[in-house]
Number of protein chains: 2
Amino acid sequence: MPAKRNVYLNMKSRGEAKQLFFARFSGYRTGQETIGVRSSGGRVTAAPVFARFSSPSFHSAAMDGIAVLARETFSASDQAPLTLSLEAGQAVMINTGHPMPQDKDAVIMIEDIVMAEDGNTTVIRKPAYPWQHVRKVGEDIVASELLFPTGHQIVPADMAALITAGCSQISVRCRPKLTIIPSGSELIELDDTLSELPAGKTIESNSAALCALAEQAGARVWIEPIIEDDLAGLKNRLLTAVKSDADMVIINAGSSAGSADYTLPAIEELGEVLTHGITIMPGKPTILGIIENKPVVGIPGYPVSAIIAMEEFAVPLLAGMQGITLPASRTIEAVITKDLPSKSGIEEFRRMVVGKIGETYVATPLKKGAGAITTLTRANGMLKIEAGAEGIKGGTKKTIELLAPRSRIDATILCTGSHDLSLNVLGDLLQKNEPSFSLSSSHVGSLGGIIAIKDGMCHMAGSHLLDVNDGSYNVQTIKKYIKGKDLRLITLVYREQGFIVKPGNPKNIHSIASLLENDIKFINRQAGSGTRVLFDYELDRNHLDCDDIDGYDQEEYTHMAVAVAVLSGRADTGLGIKSAAQAMGLGFVPLVEERYDLIIPEAVFGTPAMAHTMELINGREFKQAVEALGGYSTRETGNEVSLGPQIL
Amino acid sequence: MPAKRNVYLNMKSRGEAKQLFFARFSGYRTGQETIGVRSSGGRVTAAPVFARFSSPSFHSAAMDGIAVLARETFSASDQAPLTLSLEAGQAVMINTGHPMPQDKDAVIMIEDIVMAEDGNTTVIRKPAYPWQHVRKVGEDIVASELLFPTGHQIVPADMAALITAGCSQISVRCRPKLTIIPSGSELIELDDTLSELPAGKTIESNSAALCALAEQAGARVWIEPIIEDDLAGLKNRLLTAVKSDADMVIINAGSSAGSADYTLPAIEELGEVLTHGITIMPGKPTILGIIENKPVVGIPGYPVSAIIAMEEFAVPLLAGMQGITLPASRTIEAVITKDLPSKSGIEEFRRMVVGKIGETYVATPLKKGAGAITTLTRANGMLKIEAGAEGIKGGTKKTIELLAPRSRIDATILCTGSHDLSLNVLGDLLQKNEPSFSLSSSHVGSLGGIIAIKDGMCHMAGSHLLDVNDGSYNVQTIKKYIKGKDLRLITLVYREQGFIVKPGNPKNIHSIASLLENDIKFINRQAGSGTRVLFDYELDRNHLDCDDIDGYDQEEYTHMAVAVAVLSGRADTGLGIKSAAQAMGLGFVPLVEERYDLIIPEAVFGTPAMAHTMELINGREFKQAVEALGGYSTRETGNEVSLGPQIL
């Protein structure tokens with residue numbers, strides 16, 4: 001019999017789960033230790049810190065000049081200049097920062113005195129007031145005063161203040177210790193020498209991200225060796241961890257309710273489960289528990305779920321153990337570029353790519369999967385769709401939590417439309433040369449790109465749409481869809497499209513007609529993509545019927561996805577660019593050469609980011625790197641294509 | 001003869017200086033090194049990173065159920081249920097995440113099948129489409145695809161992606177190495193065992209802050225031993241540092257133009273000075289130079305100047321050497337609480353305390369001195385007053401760069417008015433119990449506090465203003481100054497005011513009349529402070545003339561400053577609270593007991609921060625800690641004082 005069904009009894013919302021969990025540890029603080037101030041950055045004071053010394057610790061001159069006793073200067077005026085004797089000690093030469101002589105209480109600036117030739121006397125023309133130009137003892141810090149209260153997190157300037165005040169050691173909260181137990185029989189450690197992955201095995205990668213997140217919150221982390229799916233073994237390991245000096249234990253994963261998921265019974269049998277299942281997606285199979293008064297978190301296995309569960313439930317508690325609250329994420333309001341259906345009753349975390357177009361922030365969702373770690377590495381924003389919502393309409397403004405600094409988001413170039421590998425080359429050059437800029441590309445096909453340009457949802461879009469009437473590229477479709485907007489059309493590359501085939505072309509595919517032979521499984525591109533237009537055009541030209549092609553209804557969204565379908569045996573062939581075939585070590589049967597252009601709104605074209613991008617496109621380095629990919633010609637790269645008279 | 005005057009030839013603005021300096025190193029990048037992904041947090045890729053493995057690396061079930069070949073299920077319907085044989089291999093039981101059998105291409109969920117009792121057959125009522133509920137190879141990552149471009153800074157999720165893609169090692173930019181040379185004959189190292197500071201010596205504390213700032217930007221730091229003011233020695237040390245593996249060298253300080261300032265000639269003689277003197281305050285005596293193609297920065301000695309110069313000129317360059325741009329500071333618009341005169345021609349960096357009152361951010365300047373490190377440790381915002389400005393009028397809105405997260409600023413309780421040491425106790429308890437809250441107190445005297453409450457510039461104000469007519473406290477003055485605003489008046493403490501005297505009371509001060517005897521030097525408090533009102537009242541009551549008191553015109557702003565004036569010998573006595581005298585180990589001659597209250601606007605009173613504060617004030621822990629300070633009674637602590645009918 002198969003696994004019993006995933007059942008979460010009494011699921012909690014994110015807010016409820018947090019409250020329940022954090023309330024149980026609200027008073028929990030790690031112990032204290034005394035450390036040197038120079039290594040105290042980011043640490044949190046465990047007790048108030050009082051100054052040992054005053055600063056300045058002596059009265060000192062705040063200016064270069066002479067030190068005097070103010071009351072001996074009161075008679076000086078323009079009418080009655082006063083002569084002070086240096087020999088007799090009425091005035092003493094002094095430099096900024098030097099200690100005041102015991103019997104002096106004011107400084108007269110060098111500009112305001114006239115020295116005698118012999119340097120024995122000096123003349124002043126106005127009186128000094130007491131403590132004029134003197135930095136007095138304790139002006140900055142008074143010995144015994146409170147420098148920092150309990151719970152203060154040390155920043156660089158604090159270190160200088162502490163040292164100035166004579167505090168070389170301070171008492172701080174210990175860094176909480178987190179133990180992570182990676183569990184799962186399918187997991188293997190990534191070994192440097194491994195050249196291929198054993199079938200059915202998954203590399204254990206979550207612990208690295210969970211560890212880094214915990215360390216950012218000030219924790220120390222111990223990662224246990226991978227443990228197999230086995231209840232007794234897991235309980236044993238868990239109990240050992242809880243009984244050690246760990247302040248928190250995480251089991252990753254096995255937190256769902258399948259036949260091989262032992263995290264729930266392990267926590268249940270050793271302690272208390274506060275909640276199993278939280279109404280968030282990704283992150284639903286999260287377990288919050290307590291064993292021997294220590295927090296134990298069952299974190300889901302899918303990487304995005306794991307990171308979200310970690311950030312929501314474990315990280316704030318680790319910070320709280322040191323007596324600090326982590327700053328809330330920065331948010332902005334952004335226009336959502338497309339409809340986002342959402343399941344009611346579940347709070348959904350959608351990873352977004354955010355950019356600034358003109359004065360407006362726009363946010364495009366990345367795909368949903370909890371397993372797609374690249375949706376997190378590519379995202380620079382997070383949209384939380386409330387459990388109550390039925391989804392979000394494209395074009396509405398929503399609050400986005402930023403995953404990157406705002407300045408970085410402002411300098412993100414949003415590129416959409418058709419994908420081409422030369423965009424990777426461009427993005428790499430862009431960021432290498434000008435670190436503040438970055439290129440974020442999403443793939444929605446050529447037509448999708450034109451729509452995005454029309455709607456003001458991107459800075460540029462790649463397109464290779466063949467006009468079947470005249471064999472031209474892009475111009476007609478752009479004119480058809482976009483009216484009243486000034487655009488530039490810049491040729492990026494010419495590239496070969498053809499059949500991506502298995503190495504050695506075992507099914508002997510040599511033309512589009514070959515697809516009907518030899519029981520060939522085809523993999524198609526999505527409607528609206530330039531490659532699909534090209535394929536349909538070629539079918540038509542050769543009088544072939546798409547119904548005769550096995551796999552015509554199987555669609556992928558990128559050249560690389562087509563290549564991987566061929567590599568993994570899902571398909572025998574698909575139409576794509578040569579560079580994709582080459583990148584995967586596959587064969588390639590050329591069909592046509594096509595032009596791939598960038599569409600750029602005039603308003604964007606003049607921005608510094610785009611000016612820099614154009615410079616790179618026209619540069620030697622870009623062209624050489626693109627040609628090296630194979631299947632490309634850069635003979636017209638950077639040229640502007642006339643769109644003719646535009647209909648405004 | 002004294003030092004030659006400070007002369008900066010050809011000073012540059014901050015912008016000019018940065019441009020000049022950074023342009024010279026715009027292409028400078030540190031070398032590259034290969035490191036393990038698990039320790040790559042915050043590091044920057046030196047080359048594009050491509051995936052070694054696809055993820056998933058095998059087709060796997062995305063649901064629990066049975067694996068089938070889709071085309072064998074096409075006939076299934078409600079009308080014609082289809083029986084599949086598990087024995088014959090038409091269907092195979094499968095769990096989520098497990099590899100798909102070689103000859104299967106779809107999964108049917110467990111909910112959609114009916115198993116036979118014996119488990120040998122199963123019935124389905126609808127067909128599966130190809131690749132239904134299958135996680136396909138490369139769905140997340142395609143082997144050979146670009147994971148990260150050059151210049152990408154690694155965050156936790158990136159590590160999981162890298163490991164998943166089989167990249168255990170990546171090539172990153174080396175951390176730039178910074179060498180700091182602390183220079184100055186007056187400097188000493190803080191030694192743990194040091195019980196008192198040698199006269200005229202200053203503890204070298206800047207290097208700790210500069211080091212921490214550089215490390216935050218990803219640099220490694222080497223701090224040289226302190227070097228005396230000596231040109232030959234400095235040149236020697238500088239040249240050795242430049243010829244080492246350092247990427248940048250900082251000399252701190254000696255960057256001004258005094259007789260003992262050798263930083264300028266040292267750089268000049270060994271290399272090139274790009275600018276000496278920058279039109280910023282603090283930070284003016286900054287030197288930007290180049291020796292042997294390496295950047296050399298002369299950083300001023302005053303701690304605030306040092307940190308500002310470091311942040312403006314050294315830190316961005318250290319980040320740039322790794323190919324990263326640091327995020328810009330977050331800013332908010334805040335109402336400036338008082339007039340800020342400013343010198344034209346100099347860009348002024350004013351440290352501010354920012355808080356949120358209702359929906360408005362308000363920012364109060366801290367004092368100006370470049371020597372006052374506590375103005376940086378207490379500030380949570382920075383106001384840059386442009387060189388062209390003649391100052392800022394109180395009440396205007398200005399852009400403030402935040403030095404703390406906004407959530408922390410939103411949770412800052414702004415307390416002003418008269419200072420009392422019990423506020424330190426309160427602040428400490430507040431932050432210890434509820435890490436998100438903090439108390440920021442500034443001292444402007446009781447009357448200043450009432451004005452601040454009137455103007456909506458603080459959350460609460462301490463006051464101990466004696467009404468000389470009826471001997472009551474605060475009520476009359478509040479009613480005189482504030483109309484039309486609902487307020488609460490809460491008693492914080494009763495405290496003893498009296499004469500702070502040297503230990504053993506050597507001048508035998510026993511009453512206010514004693515101040516006219518024994519050549520006594522008095523230190524006064526500023527006008528508007530409750531202590532000044534009290535003193536003037538006592539003078540009047542005793543028919544004494546303030547002109548007869550030596551030092552009546554010498555004013556300090558806090559009890560602690562009065563105490564330190566007595567301790568340092570500037571004065572024999574001053575009026576202040578007993579706890580201040582005790583904190584400094586001084587004697588105390590009681591004069592009166594007075595009431596110290598907190599004034600809190602009704603609108604603030606109900607906020608969570610203030611509710612929590614009131615809870616603490618009424619708690620045992622606060623009262624005990626205050627009584628322990630000495631000179632306090634908490635007999636009415638937390639009581640509300642009636643303000644009577646308010647004039648609206």
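Report on the accompanying structure. (Residues numbered from 1 in each chain as written. Chains lettered and ligands numbered in written order. Predicted model: local features only at pLDDT ≥ 70, side-chain atom pairs only at ≥ 80, totals over all residues. Heavy atoms only, no water.)

## Quick notes on the interface of chain A and chain B
Reasoning step 1: Taken residue by residue, the interface counts 104 residues in chain A and 104 residues in chain B.
Reasoning step 2: When chain A packs against chain B, the two sides together hide about 8,600 Å² of surface, and 59% of this comes from carbon and sulfur.
Reasoning step 3: A salt bridge links R38(A) to E204(B), with the shortest nitrogen-to-oxygen separation between them at 3.5 Å.
Reasoning step 4: Inspection of the chain A/chain B interface yields 28 residue pairs in polar contact (both at pLDDT 80 or more).
Reasoning step 5: Where the side of chain A that touches chain B is concerned, the elements lending two or more residues are β11 (146-148), α2 (156-164), β15 (202-203), α3 (206-216), α7 (374-378), α9 (421-433) and α13 (559-567) of chain A.
Reasoning step 6: When grouped by side-chain class, the residues that make up the side of chain A that touches chain B number 47 nonpolar, 34 polar and 23 charged. (Contact = heavy atoms within 4.5 Å. Buried area = accessible area lost by both parts, 1.4 Å probe. Salt bridge = Lys/Arg side-chain N within 4 Å of Asp/Glu carboxyl O. Polar contact = N/O pair within 3.5 Å; in protein donor to acceptor, adjacent residues only side chain to side chain. Helix = DSSP H or I, 4+ residues; strand = E, 2+ residues; numbered from the N terminus. Nonpolar A, V, L, I, M, F, W, Y, C, P; charged D, E, K, R; others polar.)

## Comments concerning the sheet that holds strand β6 (residues 92-94) of chain A
Residue and element names in this part refer to chain A.
Reasoning step 1: Spatially, 3 strands are ordered β6-β4-β7 in an open sheet, and the strand pairing comes out antiparallel. Strands with a single pairing partner mark the edges of an open sheet, and in this sheet they are β6 and β7 (106-109). In this sheet, neighbouring strand axes are inclined to one another by 40 degrees on average, regardless of whether the strands run parallel or antiparallel. (Pairing = 2+ DSSP bridges. Axes fitted to C-alpha atoms, helices over the stretch in contact; angles between N-to-C directions.)

## Section: the relation of the copies chain A and chain B
Reasoning step 1: With an RMSD of 0.1 Å, the operation that places chain A on chain B is a rotation of 180 degrees combined with a shift of 0.0 Å along the axis. What the superposition gives is, in effect, a two-fold axis relating one chain to the other. The C-alpha atom lying nearest the rotation axis in chain A is that of R330(A); the distance is 4.8 Å.
Reasoning step 2: Most of the interface of chain A is mirrored in chain B, where 100% of its interface residues are also at the interface. (Least-squares fit on C-alpha atoms with pLDDT ≥ 70 in both.)

## Structural notes on the sheet that holds strand β4 (residues 65-68) of chain B
Residue and element names in this part refer to chain B.
Reasoning step 1: Spatially, 3 strands are ordered β6-β4-β7 in an open sheet, and the strand pairing comes out antiparallel. Both edges of this open sheet fall to β6 (92-94) and β7 (106-109), since each of them pairs with a single strand only. The average undirected angle you get between the axes of adjacent strands in this sheet is 40 degrees.
Reasoning step 2: By the bridge criterion, 3 bridges tie β4 to β6 in an arrangement that is antiparallel. Bridging across to β6, G65 finds its partner in I94.

## Quick word on the side chain of D247(A)
Residues and elements named next belong to chain A.
Reasoning step 1: Residue position: D247 is located in the loop between α4 (231-243) and β17 (248-252).
Reasoning step 2: The side chain of D247 sits in the buried core without any salt bridge; R220 is the nearest counter-charge, 4.7 Å away.
Reasoning step 3: Not counting residues up to four positions away in its chain, the partners in contact with D247 are Y28, T30, R175, P176, K177, K294, P295 and M321. (Buried < 20%, exposed > 50% of the residue type's maximum accessible area, 1.4 Å probe, protein only. Lys, Arg positive; Asp, Glu negative; His and termini not counted.)

## Some thoughts on the packing of aromatic side chains
Reasoning step 1: One pass over the full model with this rule turns up 10 aromatic pairs over all chains.
Reasoning step 2: Ring geometry for F21(A) and F22(A): centres 6.0 Å apart, planes at 40 degrees, overall tilted.
Reasoning step 3: Assessed through its relative accessible area of 0%, F21(A) is described here as buried.
Reasoning step 4: Note on F25(B) and Y28(B): the rings are 6.3 Å apart at their centroids and 75 degrees apart in plane angle, and the pair reads as edge-to-face.
Reasoning step 5: Given a relative accessible area of 5%, F25(B) falls into the buried group.
Reasoning step 6: Joined through ring pairs, the aromatic side chains of F21(A), F22(A), F25(A) and Y28(A) make up one cluster.
Reasoning step 7: R635(A) extends its terminal NZ or CZ atom over the ring of Y494(A), reaching a point 3.9 Å from the ring centre. (Phe/Tyr/Trp six-rings, centres within 6.5 Å; stacked < 30°, edge-to-face > 60°. Lys NZ or Arg CZ within 6 Å of the ring centre and 35° of its normal.)

## A look at the state of the cysteines
Reasoning step 1: Tallied over the full model, the rule gives 0 disulfides over all chains.
Reasoning step 2: Left without a disulfide partner, C211(A) is nearest to the cysteine sulfur of C174(A), which lies 18 Å away.
Reasoning step 3: Note on C211(A): relative accessible area 12%, which makes it buried.
Reasoning step 4: Unpaired in terms of disulfides, C458(B) finds its nearest cysteine sulfur in C415(B), a separation of 7.4 Å.
Reasoning step 5: With relative accessibility at 2%, the residue C458(B) sits in the buried group. (Disulfide = S-S within 2.5 Å.)

## A few points about the pairing of strand β26 (residues 381-385) of chain A
Along a regular strand, successive side chains alternate from one face of the sheet to the other.
All names here are of chain A.
Reasoning step 1: Judged by how many residues are buried, β26 sits mostly within the fold: 4 of 5 residues are covered.
Reasoning step 2: The pairing of strand β24 (residues 347-357) with β26 spans 5 bridges and is classified as antiparallel. Its bridge partner being in β26, R350 is matched across the sheet by L383.
Reasoning step 3: In this sheet, strand β28 (residues 397-402) lies alongside β26 in antiparallel orientation, the contact comprising 2 bridges. Looking across to β28, one finds that M382 is bridged to E401.

## A word on the packing of helix α1 (residues 14-23) of chain A against helix α6 (residues 303-321) of chain A
Residues and elements named next belong to chain A.
Reasoning step 1: Contact pair α1 / α6: the axes reach a minimum separation of 10 Å and the direction vectors enclose 30 degrees. Relative to α6, α1 is oriented roughly parallel. As α1 runs across α6, the sense of the crossing is right-handed. Between α1 and α6, the contacting residues are R14, A17, K18, F21 and F22 on the first element and E312, F313, P316 and L317 on the second.
Reasoning step 2: Taken together, the residues that form the contact of α1 with α6 break down as 6 nonpolar, no polar and 3 charged. (Parallel < 35°, antiparallel > 145°, perpendicular 65-115°, else oblique. Left-handed = near helix turned anticlockwise from the far one by under 90°.)

## What to know about the pattern of salt bridges
Residues and elements named next belong to chain A.
Reasoning step 1: In the structure shown here, the tally under the stated rule is 66 salt bridges over all chains.
Reasoning step 2: Across the pair K177 and D245 runs a salt bridge whose closest N-O atoms are separated by 2.8 Å. Linking K177 in strand β13 (residues 177-182) with D245 in the loop between α4 and β17, this pair joins segments that are 68 residues apart in sequence.
Reasoning step 3: Between E594 and R495 there is a salt bridge, with its nearest N and O atoms 2.8 Å apart. Here E594 is found in strand β36 (residues 587-601), whereas its partner R495 is found in strand β32 (residues 487-501), with 99 residues between them in sequence.
Reasoning step 4: Overall, the relative accessible area of 1% leaves E594 in the buried class.
Reasoning step 5: Overlapping salt bridges bring together R14, K18, E312, E347, K384 and E401 as one network.

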